[in-house]
Amino acid sequence: MLENIERFMTDVTKLIQASLEKRHNAEKRFQFYGILGISLAVLFLFVILVSIINEGKNAFKSTYIKLDINFDEKTVDPEGLRNIDDLKFANYKKLITSSLKNYFPEVSDKKELRSLGEFISSSEEQNLMNFIISNNDYIGNSKSFWLLASSTIDVIHKNPDMQSLLEDDRLISDRELGWFKSFEKNGDIKFGLNKNFFLKADSTEPEQAGILGSVIGTFFTLFITLILSFPIAVAAGVFLEELAPKNKFTDFIEVNINNLAAVPSIIFGLLGLAIFLNVMHLPRSAPVVGGMVLALMTLPTIIIATRASLKAVPPSIREAAIGLGATKFQTVNHHLLPLSLPGILTGTILGMSRALGESAPLLMIGMVAFIVDIPGSFTDSATVLPIQIYLWKSTAARGFLELTAAGVMVLLTFLILMNGLAVYIRQRFETKW
């Protein structure tokens, strides 16, 4: 009898040990799969970031070529009146071409001179005009300038490997490559800060294109989004959570708000197209319309965050305030809202971060237009960072590839800063109950 009991206990012990070992092995596998998944995600993120930074870092520098510009009076101001209107319409391209011809006196063919003139960006004509208007005393004299090179030369300078390619596979001919190497040999070509990228709007020429226009357009759009969505969403969240009666109607509203948070963003773009443009006839491609569309998209996110933050406040706060004679409004205004504000602000910033990265709803209202001017108001035509990145990516010119990556870097920087601010607000001001 005792032997049977011992045998039985031994078998049970073995079964328990086998079960425990199986459970421990399963737990270890689960932990391994979790660590593997996180590691792969971090690896992919690292690869993406490295590729973006590696491609986009070149956009922050430009190629400059040193030339001695002779401001020939016959070309700049033949009448010698120093009239600003005459100086504005002078042939500054001829000055650049003459300077290049002096640098390469062996070049005389018109076709070759035209190819040589394409080494310098067309924007330098405007810069020379501004210089001579401010410095009339240089008319008839010479001055050395570091002129911005064209996008083609910039690409060759940034990618030395391209110089070893066959002529048919290269962006410039063998003759042009010889001129390029002459500049290199004489030390008359260098890299400098790409000021255009930070100070200008979009352009058809990569070396002249900048991101300032889309950054200001993004600021205007998000400002409209914030001032429209934040007060409305907070008021709606407070009403639904604290003041509204619990019935089928409010349940219906809550369900629809939760559903709207999951609606594809392009649907809000279609709504904006139908109402704001076709019915209200608001200006197309304007930040005010983009902000209104993004406000519709952001409202559900902030409402849900507001309600969750209010729910996190202990009921004792409400009971204490009401017990001391406070009205429902006073309880919400003086106690619940201040205590739940960190969570509300966190949800708002996260909602704004989502709006910052959206492009689909803005495409529907025409913010995909090619904008060369920096917007000065909420009704001016403008574009935003995601749309600007899309436009550069869809352009065939080789120079826009690095601008696309640099635009992504700028967008990611703003997103990281906004999300970091949300984390800081939550950790700094959130009350632990």
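Residues numbered from 1 in each chain as written. Predicted model: local features only at pLDDT ≥ 70, side-chain atom pairs only at ≥ 80, totals over all residues. Heavy atoms only, no water.

Visitor: How should I be thinking about the side chain of H157 in this particular structure?
Guide: Relative to the assigned elements, H157 resides in helix α7 (residues 151–158). The class for H157 is buried, based on a relative accessible area of 12%. At 3.1 Å, the side chain of H157 forms a polar contact with the side chain of T63. Apart from the residues lying within four places of it in its own chain, the contact partners of H157 are T63, F180, E184, I189, K190 and F191. (Helix = DSSP H or I, 4+ residues; strand = E, 2+ residues; numbered from the N terminus. Buried < 20%, exposed > 50% of the residue type's maximum accessible area, 1.4 Å probe, protein only. Polar contact = N/O pair within 3.5 Å; in protein donor to acceptor, adjacent residues only side chain to side chain. Contact = heavy atoms within 4.5 Å.)

Visitor: Hey, could you run me through the pattern of salt bridges in this one?
Guide: Where charged atoms from two side chains of opposite charge come close, those side chains can pair. This model, assessed by the stated rule, comprises 11 salt bridges. Between E241 and R307 there is a salt bridge, and its shortest N-O distance comes to 3.0 Å. In this pair, E241 is assigned in helix α10 (residues 212–243) and R307 in helix α13 (residues 287–311), connecting sequence segments 66 residues apart. Accessibility assignment for this pair places E241 and R307 in one class, buried. The closest approach of N and O atoms between E254 and R307, which form a salt bridge, is 3.0 Å. In this pair, E254 is assigned in helix α11 (residues 248–260) and R307 in helix α13, connecting sequence segments 53 residues apart. Residue class for R307 comes out buried when judged on its relative accessible area of 14%. One network of salt bridges, in which partners are shared, links E73, D77 and R82. (Salt bridge = Lys/Arg side-chain N within 4 Å of Asp/Glu carboxyl O.)

Visitor: Even after reading the chapter, I still don't get the packing of aromatic side chains, so can you show me in this structure?
Guide: Each pair of aromatic rings is reported with the distance of its centres and the angle of its planes. For the coordinates displayed, the defined rule picks out 19 aromatic pairs. Ring geometry for F60 against F197: centres 5.4 Å apart, planes inclined by 80°, an arrangement best described as edge-to-face. One end of the pair, F60, is in the loop between α1 (2–56) and β1 (61–70); the other, F197, is in helix α9 (residues 195–199), with 137 residues separating them in the sequence. Taken together, a centroid distance of 6.4 Å and an interplanar angle of 35° make the contact between F197 and W392 tilted. Remark: W392 occurs in helix α17 (residues 385–393) and F197 occurs in helix α9; sequence separation between them is 195 residues. The buried category is assigned to F197, whose relative accessible area is 0%. Taken together through their ring pairs, the aromatic side chains of Y103, F104, F119, W179 and F183 make up a single cluster. The ring centre of F191 lies 4.3 Å from the NZ or CZ of K61, which sits over that ring. Between K190 and the ring centre of W146, over which it is positioned, the NZ or CZ distance is 4.4 Å. (Phe/Tyr/Trp six-rings, centres within 6.5 Å; stacked < 30°, edge-to-face > 60°. Lys NZ or Arg CZ within 6 Å of the ring centre and 35° of its normal.)

Visitor: What exactly am I supposed to notice about empty space enclosed by the protein here?
Guide: Within this structure, the stated rule accounts for 3 cavities of 30 Å³ or more. Quantified by volume, the largest cavity comes out at close to 90 Å³. Sorting the residues of the lining of the largest cavity by element identifies β1, α7 and α18 (399–429) as the ones contributing at least two each. The residue makeup of the lining of the largest cavity, split by class, is 5 nonpolar, 5 polar and 4 charged. (1 Å grid on protein atoms, 1.4 Å probe; cavity = no way out; pocket = protein on both sides within 12 Å on 5 of 7 lines; lining within 4 Å. Points joined across faces, edges and corners; volume = space filled by probe spheres on them. Nonpolar A, V, L, I, M, F, W, Y, C, P; charged D, E, K, R; others polar.)

Visitor: How should the nonpolar core be read in this particular structure?
Guide: One broad trend across soluble globular proteins is that nonpolar side chains are buried collectively. Among the nonpolar cores identified, the biggest contains 36 residues, and F197, L362, I365, W392 and L403 are the most heavily contacted of them. Mapped onto this core, the elements with two or more residues apiece are α10, α12 (265–277), α13, α15 (328–356), α17 and α18. A total of 9 residues in this core trace back to one element, the largest contributor, which is α18. Judged by nonpolar contacts, the second largest core, of 35 residues, contains Y92, V107, L116 and I132. (Core = buried A, V, L, I, M, F, W, Y, C linked by side-chain atoms within 4.5 Å.)

Visitor: Teacher, can you tell me more about the packing of helix α5 (residues 110–117) against helix α8 (residues 174–186) here?
Guide: When two helices pack together, their arrangement is captured by the angle between the axes and the distance separating the axes. Contact geometry of α5 with α8 gives a least axis separation of 11 Å together with a crossing angle of 50°. Judged on the interaxial angle alone, α8 and α5 are oblique. Read as a crossing pair, α5 and α8 show a hand that is right-handed. The residues of α8 that touch α5, namely those facing E112, S115 and L116, are R175, E176 and W179. Tallied by class, residues from the contact of α5 with α8 come to 2 nonpolar, 1 polar and 3 charged. (Axes fitted to C-alpha atoms, helices over the stretch in contact; angles between N-to-C directions. Parallel < 35°, antiparallel > 145°, perpendicular 65-115°, else oblique. Left-handed = near helix turned anticlockwise from the far one by under 90°.)

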